[in-house]
Amino acid sequence: MTDRIVLYTNHNCPWAHRAHIALAELGVPYEEVIIDLSRPRDPEYLEINPRGLVPSISFNGEIVTESAIVAGLLADAYPEKAPLVPVSSAKGGALVRARIAFFVDTYFSKLQSQLFKVGTVKTEAEVAAIGEAVVAAIAKELEPLLAGSTSSEKPFFGGNERLTLAEVLTGSFVVRLVALTKSDVWPSNIPSLAAAQTPAFWAWAQAVAKHPSVTGIFDEENNIRVFRERIAKQRAAA
Ligand SMILES: N[C@@H](CCC(=O)N[C@@H](CS)C(=O)NCC(=O)O)C(=O)O
């Protein structure tokens, strides 16, 4: 029997985008319900997810929320479709899972946390300083973790040819890192600094940002507009 999966999502949300990347990579059919985040959630959606956030999925009628948990469930449910992460009982599987978890944790705690500060500063010099801090964090924390992922044939985490759970959980932010730095919404000094100082990370980021499972639902122009507006609002309120 085929599983029935309904994904509650919004295409501008990088957290929801994680579920899309997992589903695309696994090639699992699903229905999509777009949640309008520009207005209060309907009571029907609050019954599905009382927090009112996207993504949520209904997996054969069981509701699962929180993007990392949704993506992990999908990866664990279909190991035969794409080996996003080994099962923990496979030889070496527990260690690979731990390495991926550490990489993802590092991406968010050391890199993304700095980028989110962009809305709190106002001057060009402050934005550039965030760019420098981001690349310094990449150099210290992420570049060493990507030392085994430098082959152009196998550019993904751990020297994989295909996306892993590491890319499923970071890819939506990586594609935005590339698009939003290029368009000066996030610090525009990041691409040149990263290419020079963190070549393994930057090559990995380019491979992730152009992967069809990552670009599938990503509307670059719309995201640039949404993030630009969001940052302008945060700055006005700061
Ligand atoms: N920790 C959540 C974060 C999800 C999240 O923040 N989603 C945002 C959209 S990107 C949302 O639904 N916001 C609705 C709101 O705050 O009203 C996850 O990983 O699923």
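Computed from a prediction, not measured in an experiment: that's the story for all the values here.

A. Seen up close, the UniProt feature "domain: GST C-terminal" (unreviewed entry) in the protein. Following the UniProt record, the feature "domain: GST C-terminal" (unreviewed entry) maps to residues 93-235 here. Between the C-alpha atoms that bound residues 93-235 there is a distance of 45 Å. The span itself is 69% helix and 0% strand.

B. Layout of the site of the ligand. Taken together, Cys-13, Trp-15, Leu-37, Arg-41, Leu-53, Val-54, Pro-55, Glu-66 and Ser-67 make up the full set of residues near the ligand. Here an oxygen atom of the ligand and a backbone polar atom of Val-54 are 2.9 Å apart. The separation between a nitrogen atom of the ligand and a polar side-chain atom of Glu-66 is 2.8 Å. The protein chains hide 69% of the 520 Å² of surface that the ligand would expose on its own. Its residues assigned to classes, the shell around the ligand shows six nonpolar, one polar and two charged.

C. Up close: the UniProt feature "domain: GST N-terminal" (unreviewed entry) in the protein. Here the UniProt-annotated "domain: GST N-terminal" (unreviewed entry) positions come out as residues 3-82. Split by type, residues 3-82 is 38% helix and 21% strand. Its first and last C-alpha atoms lie 16 Å apart.

Parameters at a glance
- Residues numbered from 1 in each chain as written.
- Predicted model: local features only at pLDDT ≥ 70, side-chain atom pairs only at ≥ 80, totals over all residues.
- Heavy atoms only, no water.
- UniProt positions renumbered as here; feature names shortened; annotations may be inferred.
- Helix = DSSP H or I, 4+ residues; strand = E, 2+ residues; numbered from the N terminus.
- Near = heavy atom within 4 Å.
- Polar contact = N/O pair within 3.5 Å; in protein donor to acceptor, adjacent residues only side chain to side chain.
- Areas by Shrake-Rupley, 256 points an atom, 1.4 Å probe, with all protein chains shown as cover.
- Nonpolar A, V, L, I, M, F, W, Y, C, P; charged D, E, K, R; others polar.

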